[in-house]
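One letter stands for each residue in the lines below.
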Amino acid sequence: GALFGVVGARHYWNAPLMPVLGIVSAVASGSALLARRVALFAREKGRDAREQALFFLGRVVFGLVIVYALLLWAEFSVTLYADIPASSEAAYQVLGGPYPWVFWVFQVALGSIIPLSILLLRPRSAGWVGLAGLLVAASFLATRLNIVIPGSVEPQLPGLDTAYTDTR
């Protein structure tokens, strides 16, 4: 997040919340993967300890996904409200450009709404907490796609993308 946040040439990346989003997403995806691992591989001998660990990890993942969603909302709402073309164009690409399904399906639905619902309704079920952990961890791959690619949409110099043409 800090590496992207200090790139002044790309306005979409140059945001004060980018380092914080990077840290929260790393902790959330790591906690989600740990919950998935505990759900799959923890021994049945310590069943009570396993259930307590899964319940705790589920609550941690639940809280971190909520925090990440709030930070993401803040980032997009400020960017779109300011409507500075250099940064808002990339945000528009994420929300409704050529691949909005990556954001709306993978990041919002599969990475937030469904896991939050699972963790709220079935917080003590190993299988469901493991599934929620898998969904959260996998959705952060889509998150990386939504950070890297749209930041490169806006050309750094106007007209640079059409400055050179060739028949090939």
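Our subject in this report is the structure included herewith.

Rules of the game
Residues numbered from 1 in each chain as written. Predicted model: local features only at pLDDT ≥ 70, side-chain atom pairs only at ≥ 80, totals over all residues. Heavy atoms only, no water. Helix = DSSP H or I, 4+ residues; strand = E, 2+ residues; numbered from the N terminus. Buried < 20%, exposed > 50% of the residue type's maximum accessible area, 1.4 Å probe, protein only. Contact = heavy atoms within 4.5 Å. Areas by Shrake-Rupley, 256 points an atom, 1.4 Å probe, with all protein chains shown as cover. Axes fitted to C-alpha atoms, helices over the stretch in contact; angles between N-to-C directions. Left-handed = near helix turned anticlockwise from the far one by under 90°. Core = buried A, V, L, I, M, F, W, Y, C linked by side-chain atoms within 4.5 Å. Nonpolar A, V, L, I, M, F, W, Y, C, P; charged D, E, K, R; others polar. Lys, Arg positive; Asp, Glu negative; His and termini not counted. Salt bridge = Lys/Arg side-chain N within 4 Å of Asp/Glu carboxyl O. Patch = residues over 30% accessible without salt bridge, like charges linked within 9 Å, V, L, I, M, F, W, Y side chains within 5 Å.

**Regarding the overall build of the protein**
Step number 1: Helix and strand counts for the protein come out as six helices and zero strands.
Step number 2: For the protein, the α and β elements follow one another from N to C terminus as α-α-α-α-α-α.
Step number 3: Counting the 168 residues in the protein, one finds 36% classified as buried.
Step number 4: Within the protein, contacts between residues at least 6 apart in sequence are counted, and of these 66% link residues at least 24 apart.
Step number 5: As displayed, the protein has an accessible area near 10,000 Å², and 69% of this comes from carbon and sulfur atoms.

**Describing the packing of helix α3 (residues 47-82) against helix α5 (residues 100-121)**
Step number 1: For the pair α3 and α5, interaxial distance at closest approach is 10 Å and the crossing angle is 145°. Crossing of α3 over α5 shows left-handed handedness. Here Gly-58, Arg-59, Val-61, Phe-62, Val-65, Ile-66, Tyr-68, Leu-72 and Phe-76 of α3 come into contact with α5, specifically with Phe-103, Gln-107, Gly-111, Ser-112, Leu-116, Leu-119 and Leu-120.

**Considering unusual backbone geometry**
Step number 1: Backbone geometry at Asp-83 places phi at a positive 50°, although glycine is not the residue there.
Step number 2: Following the sequence through the fold, Asp-83 ends up in the loop between α3 and α4 (85-96).

**Quick word on the environment of Ile-118**
Step number 1: Position of Ile-118 relative to the elements: it lies in helix α5.
Step number 2: With relative accessibility at 8%, the residue Ile-118 sits in the buried group.
Step number 3: Put simply, Ile-118 and Ala-132 are 14 residues apart on the chain and 6.4 Å apart in space, counted from C-alpha to C-alpha.
Step number 4: Every residue in contact with Ile-118, bar those within four places of it in the chain, is listed here: Pro-123, Trp-128, Val-129, Leu-131, Ala-132 and Leu-135.

**Here's the deal with the nonpolar core**
Step number 1: Ranked by internal contacts, the top residues of the largest apolar core, which has 34 residues, are Tyr-12, Leu-54, Val-61, Tyr-68, Phe-76 and Val-136.
Step number 2: Broken down by secondary-structure element, the contributors of at least two residues to this core are α2 (18-41), α3, α4, α5 and α6 (126-148).
Step number 3: When residues of this core are assigned to their parent elements, the largest contribution, nine residues, is made by α3.
Step number 4: Setting aside its immediate chain neighbours within four residues, Tyr-12 contacts Met-18, Phe-76, Ala-86, Ser-87, Ala-90, Ala-91, Val-94, Asn-146, Ile-147, Pro-150 and Gly-151.

**Quick word on the packing of α3 against α6**
Step number 1: Running from N to C, α3 and α6 point in directions that differ by 35°, and their axes come no closer than 10 Å. Between α3 and α6 lies a crossing whose hand is left-handed. Every residue of α6 that contacts α3 at Arg-50, Leu-54, Gly-58, Val-61, Val-65 and Tyr-68 is listed here: Ala-126, Val-129, Val-136, Phe-140 and Thr-143.
Step number 2: Residue composition of the contact of α3 with α6, by class: eight nonpolar, two polar and one charged.

**Some words on the side chain of Glu-75**
Step number 1: Looking at where Glu-75 falls in the secondary structure, it is placed in helix α3.
Step number 2: We note that Glu-75 is buried and unpaired, the nearest opposite charge coming from Arg-144 at a distance of 12 Å.
Step number 3: Ignoring anything within four residues of it in the chain, the contact list for Glu-75 reads Ala-15, Leu-17 and Leu-21.

**Some remarks on the side chain of Asn-146**
Step number 1: Position of Asn-146 relative to the elements: it lies in helix α6.
Step number 2: If we ignore the near neighbours within four places in the chain, the residues touching Asn-146 are Tyr-12, Val-94, Val-102, Phe-103 and Gln-107.

**Let's talk about a nonpolar patch on the surface**
Step number 1: A contiguous nonpolar surface patch, about 540 Å² in accessible area, is contributed by Tyr-99, Trp-101, Trp-104, Val-105 and Phe-106.
Step number 2: Its place among the elements puts Trp-101 in helix α5.

Take it as geometry only, folks, not as evidence of what the structure does.
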